[in-house]
Each structure stands twice: as C-alpha cells, then as structure tokens.
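A structural walkthrough
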Amino acid sequence: MDVHSIRKDFYILVNSDLVYLDNAASSLKPKPVIDMINFYNERLGVNVHRGVYRLSHEATELYEGAREKVAKLLNCRFEEVVFTRGTSSALNLVASSLGMQIIELGDEIITSELEHHSSMLPWQNVARKKNAKLVFVPLDEDKRITVENFKKVLSDKTKVVALNYISNAMGYITPIKEIIRLAHEKGAIVIVDSAQAAPHMPIDVKDLDCDFLAFSGHKMCGPTGIGVLYGKHHLLQTMEPVEFGGDMIDTVELSCATFKETPYKFETGTPIIGGAIGLGAAIDYINSIGYDFIMQQDNILRDYMLQEMKNINGITIYNPKTDTGIVSFNIDGVHPHDAATVFDQENVAIRAGHHCAQPLMRCLNQVATIRASTYFYNTKEDIDRFIQAIHKAKAFFDSFI
Amino acid sequence: MAYGNLETLYRQVIMDHYKNPRNKGLKGDESFYTVHIKNPTCGDDLTIQIKVEDGRITEIYQDGVGCSISMSSASVMSETVKGMKIEDAIKVIDNYVHMVKGEAFDENLDMGDAIVYQGVSQFPQRFKCATIAWNALSKAIEKHLNCPYHKDEE
C-alpha cells in the first residue's frame with residue numbers, strides 16, 4: 001500500500017494543502033464512496049422494499065447488500081444489523097427501548113467518565129426515569145478503563161454496562177472483551193460504543209460476545225447520517241420499537257398493530273437508502289485498504305507525532321500512552337480555541353474543545369483540549385506541518401508576554 | 001507565512017485585557033442585574049453584572065472562563081460602557097455587532113478600545129467569542145428595561 005496513491009482518492013488532499021488531523025470527528029470521503037452515492041441518487045433515486053418496478057428492486061438490492069457487507073464486517077447475522085442515523089441514535093435506541101424495558105428501581109448501570117456523551121447520557125436518562133443508579137468505573141492515573149477497576153464496580157445489581165471500545169478523547173483501547181466476559185457472569189448486558197474503533201481496527205462481535213455495538217459511517221470514509229446498531233438477535237427480538245409508522249409494520253388495525261421482524265421494526269419510514277449504500281461502498285473501500293495497513297499507519301504516525309511533540313517545551317500531552325492516533329494536548333497558557341485559530345491559518349485541521357466528554361475534561365482539570373487524530377491517508381509530512389503549527393502558535397502567543 | 005491577518009485578530013490591546021482583565025469579579029449585591037451566558041460547544045462561560053442609576057450604567061463587573069477573545073472582550077466591554085447612558089450602550093452594542101460581522105458600521109461612534117475587534121470580521125469562526133460579553137450586556141439591559149425597579153433574584 002502506498003499512501004501517496006491512496007491520497008489520490010480524496011479530492012481535497014490532492015487539490016489543497018490541507019493537513020487533516022480531525023479524523024476522530026469525521027473522516028474524509030474517497031471518490032469510490034461518492035461515486036456510489038451519486039449512482040444511487042442519479043441512476044436510481046427511488047424507494048426500497050415496496051416498488052415492484054425494476055429500479056426499486058435494484059435500489060433494494062443495494063440497500064440490503066450494504067447490510068450484508070456490515071454483517072460480514074462484524075461477523076454477525078444479516079438480521080442483527082439495524083441501520084440508524086449514527087452511533088448516537090443507535091446507542092439511544094438501545095437505552096430507550098431495551099433500557100426502559102429491563103431497568104428497575106435500584107438496578108445499577110456501569111459506564112465511565114471516559115465516555116462520549118452519547119454513550120453515557122442515554123443511560124443517565126434511563127437511570128433518572130427508573131430510579132436506577134449510574135455507576136462509574138474509576139479511571140486509573142492515565143484516565144484509562146482497566147479490568148481491575150471494572151471489577152470494583154461490577155456487582156450483582158449490575159444490569160447494563162455501557163462503555164467505549166476506543167476513547168474519542170484519549171485514544172485508549174478498552175479491554176472490552178474481558179469486561180464483557182465478567183459482565184456476563186453477572187448476567188449484565190453490554191453495549192459497546194465503537195464509533196472510534198470501527199474505522200481503525202477489525203471488530204468481531206462473535207469473538208467479543210458483546211450484546212450491542214454501535215458505529216457511524218462518516219468516521220470510516222462513509223457519508224454522514226448513517227450508522228449501525230448491531231444487537232444479538234434474541235435481544236433485538238425482545239426489544240419494542242420506539243418509532244412507529246411506515247415500513248415497520250406487519251398488520252395495522254384501528255386499535256392495534258403488529259410489526260415486522262428484526263431489524264425492520266426499528267427502521268421506521270423510508271430508510272437512509274443513499275447513506276446505507278454509501279456505507280456499503282465505504283466498507284468495500286476500507287477492506288481494499290485493509291485494517292492491517294490502517295493500524296500500521298496509525299501506529300507509525302502516533303509514534304512520530306509523540307516523539308516530535310516531546311521535544312517541544314511548554315506543551316502538556318494528556319495521553320502520552322495513547323493506543324491509537326488520537327493525541328490530546330494543550331499549549332501551556334494558550335486557550336485551545338486561540339491555538340486552533342493559528343492551526344487554521346496554517347491550514348492544519350485539528351479539533352479544539354471538550355470532545356463531547358465534559359466529565360473527562362473535569363478529570364483532566366481542563367475546559368478543553370486540542371486533539372489531533374490520524375487516519376491511513378495521513379503522512380509524516382502532515383505531522384511535520386502540524387508540529388510546525390504548534391511552534392508557530394507558541395511563538396505567536398509568547399510574543400504577548 | 002504572513003501573520004498579518006492573525007495580528008489583526010490578536011492585537012496588543014486584546015492580549016493586555018486578556019492577561020489583566022478589568023472589572024473582574026462579581027458582587028453579591030442584589031441591586032445589580034446579573035446575566036450568565038454559556039457557550040456549550042466551546043466551554044466559554046461568562047457572567048456580567050450591571051448597576052443602573054438614573055439611566056446610566058454606573059457599575060459593571062464580569063467574570064468567567066474562555067479563550068482570549070471572549071475574556072478580553074468582556075473586559076474591554078466593561079470599560080467601554082461603564083458610565084454610559086443605557087441608550088448609548090445599546091447603540092454601541094449594535095454598532096459593535098455589525099463591525100465584527102464585517103457589515104457596515106458607524107466608524108465615528110466612540111466605542112473606546114472595542115474598535116480593535118474589527119479584525120474578528122476576517123475570522124467568522126470567532127464571531128461568537130467576540131460577542132458573548134456584548135450579548136450578556138444586551139440581556140442585562142433588557143432585564144433592566146423590562147423591570148427597572150426590580151431587585152435581581154439571581
């Protein structure tokens with residue numbers, strides 16, 4: 001694999017001097033994915049599942065074909081793949097359906113301060129409504145979730161465990177497989193937020209034995225507005241739909257209705273057809289790149305970035321032991337939003353903010369951090385420009401002292 | 001690269017107000033009108049307090065956390081409008097917002113140091129930072145106009 005030929009698939013990388021290091025927020029979209037979305041909109045553009053005409057049949061084939069691609073990617077059954085708007089709506093679906101059905105007074109729900117708000121808040125809401133208790137895995141000194149600390153909060157009262165696979169703010173890989181095994185010993189259900197994992201590492205839900213897992217298309221070269229909820233079939237079967245209307249029904253009477261089988265009972269209304277087809281193309285694209293190459297690139301770039309950053313005085317790195325290409329830091333004495341404006345002047349796109357992880361920011365005693373996050377199309381030259389931008393931001397704000 | 005643009009955004013005056021904020025710290029006096037504003041996307045968090053006597057802002061205090069643009073503009077704003085008649089302050093707020101948006105504004109209207117924020121118009125991403133304090137002032141004035149004799153309950 002040659003990065004420079006890969007970069008040709010991304011219009012913006014070829015036609016500008018952009019250094020894109022905000023991949024944890026959203027990845028760039030390659031031409032084959034855009035072409036596939038355009039193909040659907042231009043050549044098909046019709047609804048799925050109901051038309052008898054050929055175009056509708058072809059659109060349905062592509063839409064359901066995308067579900068098949070997701071099933072292969074995750075090593076699960078076709079019926080276990082529910083299309084959603086993204087990770088957030090997938091995680092919310094589990095909480096507002098299954099969560100509201102099974103959580104009772106006094107039950108405990110384990111989550112962590114390392115979570116993206118979308119992993120934690122749906123369960124905070126269930127806990128509040130059901131008078132259940134939200135329990136947080138104590139983070140270790142690096143702000144990491146460990147099996148050891150998970151054991152400290154796991155109990156007979158634990159009903160649900162909602163944790164991330166990779167932290168979006170710190171880039172740590174959670175030892176989720178062992179956590180799932182321990183949680184299952186207590187009969188708890190485990191929901192894995194894989195928004196950051198799916199783009200960067202292979203996921204085998206059979207091997208993990210997770211009950212639910214969610215990810216988004218737009219962080220893995222797909223379009224925005226499409227995501228996936230994987231759920232074990234028997235659990236999806238027991239879950240009630242939360243949205244009612246078109247396409248999800250079996251028989252409708254005036255006072256009652258029956259619903260389609262999983263996953264269709266959760267896909268109310270005209271589905272996200274173009275989005276799903278685009279995600280299918282993104283999965284093909286990722287497979288053509290290969291996770292081995294993606295992980296190798298992330299590691300090389302991470303090591304290089306950290307090595308270069310450690311040579312700079314006056315910056316604080318919050319996750320020097322990051323497992324992935326996500327690095328969180330601040331320039332001492334410079335607010336991250338001020339620094340971000342200098343990065344923008346250098347056409348280096350990074351994220352400055354709380355990364356939808358306010359509890360973690362409180363743990364770090366920071367209002368916000370700067371986050372740089374890599375993907376397979378980044379190069380060492382990108383990192384050099386990023387390092388230069390740090391120097392420029394430092395020099396610029398130092399001039400006011 | 002040329003940092004001309006950046007230097008129009010971060011002027012010496014701005015960084016001075018950021019590092020040495022004026023009228024900082026809040027008063028526990030209920031005759032003040034207090035407004036608290038947060039920008040949840042960036043974490044800026046600002047409270048301002050004004051005292052209005054005979055139609056003038058006689059005292060003003062501000063406190064909060066945020067970037068240099070938002071924090072310095074709260075300091076500059078407090079100095080600019082202190083002692084000003086309410087109707088003049090409203091004119092300055094309006095003029096300031098037009099200026100930082102890059103729209104036509106009255107260059108002859110005295111806005112004190114607030115004029116240095118003209119450079120923000122080239123950085124639309126920082127518009128919210130530059131206006132948070134002025135929005136808070138606007139809300140505080142609104143509170144006063146809606147209820148001129150009310151003791152503030154916040």
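Residues numbered from 1 in each chain as written. Chains lettered and ligands numbered in written order. Predicted model: local features only at pLDDT ≥ 70, side-chain atom pairs only at ≥ 80, totals over all residues. Heavy atoms only, no water.

1. Let's talk about the overall build of chain A
We apply this condition: Only DSSP runs of H or I with at least four residues qualify as helices, and only runs of E with at least two residues qualify as strands; both kinds are numbered from the N terminus onward. Radius of gyration: C-alpha atoms only; globule rule: 2.2 Å multiplied by the number of residues to the exponent 0.38. Between buried and exposed lies partly exposed: a residue is buried under 20% and exposed over 50% of the maximum accessible area for its type, with that area taken using a 1.4 Å probe on protein chains only. In what follows, residue pairs with any heavy atoms lying within 4.5 Å of each other are defined as contacts. Areas reported as accessible are Shrake-Rupley estimates using a 1.4 Å probe. Residue values count occlusion only from the protein chains shown.
Check the secondary structure of chain A and you find 15 helices and 15 strands. For chain A, the C-alpha radius of gyration of 22 Å lies close to 21 Å, the compact-globule estimate for 401 residues. Counting only C-alpha atoms, chain A reaches 75 × 55 × 35 Å along its principal axes. For chain A, with 401 residues in total, the buried portion stands at 60%. Summarising the internal contacts of chain A: among those between residues at least 6 apart in sequence, 70% fall at separations of at least 24. When the accessible surface of chain A is totalled, it reaches about 16100 Å², and 51% of it is carbon and sulfur.

2. Regarding the interface of chain B and chain A
Put simply, the rule reads: Once two parts are brought into contact, the accessible area they lose, counted with a 1.4 Å probe and summed over both, makes up the buried area. One speaks of a salt bridge when a side-chain nitrogen belonging to Lys or Arg is within 4 Å of a carboxyl oxygen belonging to Asp or Glu. Under this definition, polar contacts are N or O atom pairs within 3.5 Å; protein pairs additionally need one hydrogen-donor-capable and one acceptor-capable atom, and for neighbouring residues in sequence, both atoms have to be side-chain atoms. In this classification, Asp, Glu, Lys and Arg are treated as charged, Ala, Val, Leu, Ile, Met, Phe, Trp, Tyr, Cys and Pro as nonpolar, and every other residue, Gly included, as polar.
Each partner contributes residues to the interface: chain B has 24 residues there, and chain A has 16 residues. Both sides together, the interface formed by chain B and chain A hides about 1800 Å², and carbon and sulfur atoms give 58% of it. Our enumeration of links across chain B and chain A arrives at one salt bridge. Taken together, the connections running from chain B to chain A amount to seven residue pairs in polar contact (both at pLDDT 80 or more). Of all elements in the fold, only helix 1 (4–9), helix 2 (12–19) and helix 3 (68–81) of chain B reach the threshold of two or more residues within the side of chain B that touches chain A. A per-class count over the side of chain B that touches chain A returns twelve nonpolar, seven polar and five charged.

3. Examining the domain arrangement of chain A
Residues and elements named next belong to chain A. This is how the line gets drawn: Just so you know, the domain bounds were taken from an automatic or database domain assignment.
The domain boundaries assigned to chain A delineate domain 1 (33–288) and domain 2 (290–398). For domain 1 versus domain 2, the distance between C-alpha centres works out to 29 Å. At the interface, 32 residues of domain 1 touch 26 residues of domain 2. Interface of domain 1 and domain 2: buried area, both sides summed, is about 2400 Å²; carbon and sulfur atoms make up 60% of it. When the buried surface of domain 1 facing domain 2 is broken down by residue, His 117, Met 170 and His 200 rank first, second and third, together holding 25% of it. At the junction of domain 1 and domain 2, the tally comes to two salt bridges. With a shortest N-O distance of 2.9 Å, Asp 323 and Arg 144 are connected by a salt bridge.

4. Notes on the packing of aromatic side chains
All names here are of chain A. Our working definition: Note on aromatic contacts: the rings of Phe and Tyr and the six-membered ring of Trp form a pair at centre separations within 6.5 Å, being stacked when their planes are under 30 degrees apart, edge-to-face when over 60 apart, and tilted otherwise.
Counted under the stated rule, the structure contains 17 aromatic pairs over all chains. The interplanar angle of 80° and the centroid separation of 6.1 Å between the aromatic rings of Phe 10 and Tyr 285 together place this pair among those described as edge-to-face. Residue Phe 10 is found in the loop between helix 1 (3–6) and helix 2 (11–14), and its partner Tyr 285 is found in helix 11 (residues 273–289); the two are separated by 275 residues along the sequence. According to the relative accessible area criterion, Phe 10 is buried, its value standing at 1%. Judged by its relative accessible area of 6%, Tyr 285 is buried. With centroids separated by 5.8 Å and ring planes inclined at 85°, the aromatic side chains of Phe 329 and Phe 386 adopt a geometry described as edge-to-face.

5. A short note on the sheet that holds strand 12 (residues 326–331) of chain A
All names here are of chain A. So the rule is basically this: Following DSSP output, two strands are said to pair if at least two bridges run between them. The axes are straight lines fitted to the C-alpha atoms, using for helices just the contacting stretch, and the angles between their N-to-C directions are given from 0 to 180°.
The sheet built from four strands is open, its strands ordered 11-12-15-14 with antiparallel pairing. With partners counted over all chains shown, the strands left at the sheet margins are strand 11 (315–317) and strand 14 (351–353), one partner each. Across the sheet, the mean angle from the axis of one strand to that of its neighbour is 30°, orientation sign disregarded. Bridge count between strand 12 and strand 15 (residues 369–373): four bridges; the pairing is antiparallel. When the sheet's bridge partners are listed, Phe 329 is paired in strand 15 with Ile 370.

6. Here's the deal with a nonpolar patch on the surface
All names here are of chain A. Applicable threshold: Note on patches: the residues involved have over 30% relative accessible area and no salt bridge, like charges join within 9 Å, and the nonpolar side chains Val, Leu, Ile, Met, Phe, Trp and Tyr join within 5 Å.
On the surface, Phe 244, Ile 249, Val 252 and Phe 259 cluster together into a nonpolar patch covering about 350 Å² of accessible area. Structurally, the position occupied by Val 252 is in strand 9 (residues 249–252). With a relative accessible area of 53%, Val 252 lands in the exposed category.

7. Observations concerning the environment of Ala 183 of chain A
All names here are of chain A. Within the element layout of this structure, Ala 183 appears in helix 8 (residues 176–185). On the accessibility criterion, Ala 183 (0% relative accessible area) is buried. Between the alpha carbons of Ala 183 and Thr 238 there is a distance of 20 Å; along the sequence they are 55 residues apart. Leaving out residues up to four positions away in the same chain, Ala 183 has contacts with Phe 150, Leu 154, Val 161, Ala 188 and Val 190.

8. Some details on the nonpolar core
Quick note on the threshold: The nonpolar core is taken to be a set of buried Ala, Val, Leu, Ile, Met, Phe, Trp, Tyr and Cys residues, with the residues joined through side-chain atoms within 4.5 Å.
Core analysis: the biggest nonpolar cluster contains 83 residues, and Leu 74, Phe 150, Leu 213 and Phe 376 of chain A have the highest contact counts within it. Here this core takes ten residues from helix 11 of chain A, the largest share from any one element. Both domains that meet at this core, namely domain 1 (33–288) and domain 2 (290–398) of chain A, each give it at least three residues. If sequence neighbours within four positions are ignored, Phe 150 of chain A has contacts with Ile 110, Val 137, Val 161, Leu 163, Ile 179, Leu 182 and Ala 183 of chain A. Tyr 304, Val 342 and Phe 397 of chain A together with Ile 37 of chain B belong to the second largest nonpolar core, which has 77 residues in total.

9. Thoughts on the packing of helix 3 (residues 31–44) of chain A against helix 11 of chain A
All names here are of chain A. To keep things clear, this is the line we draw: What sets the label is the angle itself: under 35 degrees gives roughly parallel, over 145 gives roughly antiparallel, 65 to 115 gives roughly perpendicular, and the rest give oblique. Note: crossing handedness is left-handed where the near helix turns anticlockwise from the far helix by less than a right angle, and right-handed where it turns clockwise.
At their nearest, the axes of helix 3 and helix 11 sit 8 Å apart, and the two run at 150° to each other. Between helix 3 and helix 11, the interaxial angle falls into the category roughly antiparallel. Handedness of the helix 3/helix 11 crossing: right-handed. Of the residues in helix 11, those touching helix 3 at Pro 32, Val 33, Met 36, Ile 37 and Tyr 40 are Ile 273, Gly 274, Ile 277, Gly 278, Ala 281, Ala 282 and Tyr 285.

10. Considerations on the confidence of the model for chain B
Heads up, the rule is: Values of pLDDT, which run from 0 to 100, indicate the predictor's confidence residue by residue.
With 94% of its residues at a pLDDT of at least 70, chain B reaches an overall mean of 91. Element-level pLDDT for chain B is lowest in helix 1 of chain B, with a mean of 78, against a maximum mean of 97 in helix 4 (residues 86–101) of chain B.

11. Observations concerning the pattern of salt bridges
Residues and elements named next belong to chain A. By the definition in use, this model includes 28 salt bridges over all chains. Lys 151 serves as the salt-bridge partner of Glu 148, at 3.7 Å between the closest nitrogen and oxygen. With a gap of three residues between them, Glu 148 and Lys 151 both fall in helix 7 (residues 147–153), about one helical turn apart. Given a relative accessible area of 42%, Lys 151 falls into the partly exposed group. Look at the salt bridges and you will find they share partners, linking Glu 64, Arg 67 and Glu 267 into a network.

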